[in-house]
Amino acid sequence: MKKVIPLILACISALTVSSIAQPLQIQLIRQATVKITMHQQHLLIDPVLADEGTEPPIFFSNERKNPTIGLPFHRDSVLKNVDAILLTHYHPDHFDMAAEKYVPKDMLIFCQPGDDAKLKEKGFTHTQVIDSTMTWQGISFHRYLSSHYPSANGEPPFGISSSWYLQSGTDAVFITGDAILDDRLKTSLAATRPPIVIANTGECHFTRENPVLAPGITMTLTTGELKAITQLLPATTVVAVHMDAINHCSLTKAELRQYVAKEKLQKRIRVPNEGEVLRGIPGNK
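Residues numbered from 1 in each chain as written. Predicted model: local features only at pLDDT ≥ 70, side-chain atom pairs only at ≥ 80, totals over all residues. Heavy atoms only, no water.

Asks: Help me get a handle on the overall build of the protein chain, residues and values and all.
Replies: Counting its regular elements, the protein chain contains seven helices and 14 strands. The C-alpha radius of gyration of the protein chain comes to 19 Å, within 12% of the 19 Å expected for a compact globule of 285 residues. Expressed along its principal axes, the backbone C-alpha trace of the protein chain runs to roughly 80 × 45 × 35 Å. With 285 residues in all, the protein chain has 52% of them scored as buried. Partitioning the intrachain contacts of the protein chain with sequence separation of at least 6 by distance along the chain shows that 62% fall at a separation of at least 24. When the accessible surface of the protein chain is split by element, carbon and sulfur atoms take 55% of a total near 13000 Å². Positive and negative side-chain charges of the protein chain, numbering 28 and 28 respectively, have mean locations separated by a distance of 9 Å. (Helix = DSSP H or I, 4+ residues; strand = E, 2+ residues; numbered from the N terminus. Rg over C-alpha atoms; globule rule 2.2 N^0.38 Å. Buried < 20%, exposed > 50% of the residue type's maximum accessible area, 1.4 Å probe, protein only. Contact = heavy atoms within 4.5 Å. Areas by Shrake-Rupley, 256 points an atom, 1.4 Å probe, with all protein chains shown as cover. Lys, Arg positive; Asp, Glu negative; His and termini not counted. Charge placed at Lys NZ, Arg CZ, Asp CG, Glu CD.)

What follows is the structure in structure tokens.
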């Protein structure tokens with residue numbers, strides 16, 4: 001009995017620590033690269049791992065090489081303790097050449113239909129396509145079709161674009177991916193009513209004439225669309241990412257913070273710095 005009691009107490013202690021050790025947290029790494037801790041799992045979203053200025057610029061914009069800023073810490077730290085990767089879509093500003101090189105080839109990578117073939121071509125052996133929904137390690141994944149630009153139909157060179165809703169118990173996060181606030185995104189946000197939205201902004205657009213998309217048409221959320229999300233979802237906190245790191249994104253964190261202050265949205269829209277960890281965001285425990 002003397003041996004049993006300490007064992008029982010140890011088990012209770014372990015369960016207690018496990019339940020409180022890792023509450024939901026969100027860490028912006030850079031660009032749309034975000035690390036989410038949920039249900040004791042560490043998910044890395046859209047890893048862009050290149051050193052500053054070592055990869056080509058996005059076409060039809062300017063000649064600044066990407067990424068335009070460095071990582072907040074070494075890429076080894078970004079990949080440390082990662083249980084799986086969620087790739088919102090396979091574009092070079094979401095999964096770059098450095099990610100293709102440095103992400104372990106046997107890493108579990110969740111992706112949208114079609115991107116698994118591209119990953120396998122690069123030698124990745126553990127891909128999991130999510131067409132609609134699936135559950136992994138106590139986390140449910142829901143994929144929603146979104147629009148990268150007005151009237152997007154999923155054809156090359158952009159391909160399809162997806163938004164993602166992750167939920168485990170009372171913790172939930174909606175990731176817009178590269179999307180505009182059209183009927184597709186409004187419908188998925190209204191259906192899920194997430195407490196947190198990780199929103200890809202930056203007001204990315206082309207500045208030069210090209211055969212792909214007219215200059216000035218935005219491919220990610222604008223300041224006005226971020227505000228509209230807060231109006232659509234009054235209980236939701238928006239975490240704005242996808243700024244300052246890629247050459248065709250024009251909206252900076254500094255400019256967005258000025259807009260947020262002007263519109264008195266400081267309690268609704270968070271604009272983290274690279275490396276910053278967010279915990280206890282309103283709407284989640």
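Asks: Break down unusual backbone geometry for me, with residues and values.
Replies: In the segment running from Asn66 into Pro67, the intervening peptide bond is cis, with an omega of -15 degrees. By the element assignment, Pro67 lies in the loop between strand S3 (41-45) and helix H2 (75-79). Residue Pro157 is reached from Pro156 by a cis peptide bond, and omega for that bond is 5 degrees. Structurally, Pro157 is set in the loop between strand S8 (139-146) and strand S9 (161-168). A positive phi angle, close to 50 degrees, is found at Glu203, a residue other than glycine. Examined against the element boundaries, Glu203 turns out to sit in the loop between strand S11 (196-200) and helix H6 (223-232). Of note, the phi angle at Asp244 is positive, near 75 degrees, even though the residue is not glycine. Examined against the element boundaries, Asp244 turns out to sit in the loop between strand S12 (237-241) and helix H7 (253-262).

Asks: Before we move on, could you go through the side chain of Lys253 and cite the residues and values that matter?
Replies: Tracing the sequence through the fold places Lys253 in helix H7. If sequence neighbours within four positions are ignored, Lys253 has contacts with Met243, Asp244, Val271, Pro272, Asn273 and Glu274.

Asks: Talk me through the nonpolar core; I want residue IDs and the actual numbers.
Replies: Grouped together as the largest cluster of nonpolar side chains are 27 residues, with contacts concentrated most on Ile36 and Phe110. Per-element tally for this core: the top contributor is strand S2 (residues 33-38), with three residues. Setting aside residues no more than four positions away along its own chain, Phe110 makes contact with Leu43, Ala84, Ile85, Leu86, Leu87, Gln128, Ile130, Met134, Trp136 and Phe141. Core analysis: the next-biggest nonpolar cluster, separate from the first, contains 23 residues, Tyr165, Ala199, Ile229 and Ala240 among them. (Core = buried A, V, L, I, M, F, W, Y, C linked by side-chain atoms within 4.5 Å.)

Asks: Tell me what's going on with the pairing of strand S1 (residues 25-30), and back it up with residues and numbers.
Replies: With six of six residues buried, S1 is to be regarded as a mostly interior element. With five bridges joining them, S1 and S2 adopt antiparallel strand pairing. From the neighbouring strand, Gln25 faces S2, where its bridge partner is Thr37. Remark: two residues form the turn of the hairpin made by S1 and S2, two consecutive strands paired antiparallel; Gln31 in that turn has positive phi of roughly 60 degrees. (Pairing = 2+ DSSP bridges.)

Asks: Quick rundown of the state of the cysteines? Include the residues and the values.
Replies: For the structure shown, the criterion picks out one disulfide. Each sulfur in the disulfide pair Cys204 and Cys249 lies 2.1 Å from the other. Taking the torsion about the sulfur-sulfur bond, which here is approximately 75 degrees, the covalent link between Cys204 and Cys249 counts as right-handed. Highlighted residues: Cys204 in the loop between S11 and H6 and Cys249 in the loop between S12 and H7, separated in sequence by 45 residues. Here the two residues Cys204 and Cys249 agree in accessibility, since each one is buried. (Disulfide = S-S within 2.5 Å.)

Asks: Hey, could you go over the sheet that holds S12 for me, with residue numbers and the actual values?
Replies: Strand order in the open sheet formed by seven strands is S7-S8-S9-S10-S11-S12-S13, with mixed pairing between adjacent strands. Of all the strands in the sheet, just strand S7 (133-136) and strand S13 (269-270) have a single pairing partner and so form its edges. In the sheet, S12 pairs with S13 via two bridges, with the strands oriented parallel. Paired with Val239 across the two strands is Arg270, which belongs to S13.

Asks: So what about the environment of Ser151? Which residues, and what values?
Replies: Relative to the helices and strands, Ser151 is located in the loop between S8 and S9. Between the alpha carbons of Ser151 and Asp182 there is a distance of 9.3 Å; along the sequence they are 31 residues apart.

Asks: Break down the side chain of Arg268 for me, with residues and values.
Replies: Following the sequence through the fold, Arg268 ends up in the loop between H7 and S13. Nearest to the buried, unbridged Arg268 among oppositely charged side chains is Glu263, at 11 Å. Excluding anything up to four places from it in sequence, Arg268 contacts Thr230, Leu233, Pro234, Ala235, Thr236, Thr237 and Val238. (Salt bridge = Lys/Arg side-chain N within 4 Å of Asp/Glu carboxyl O.)

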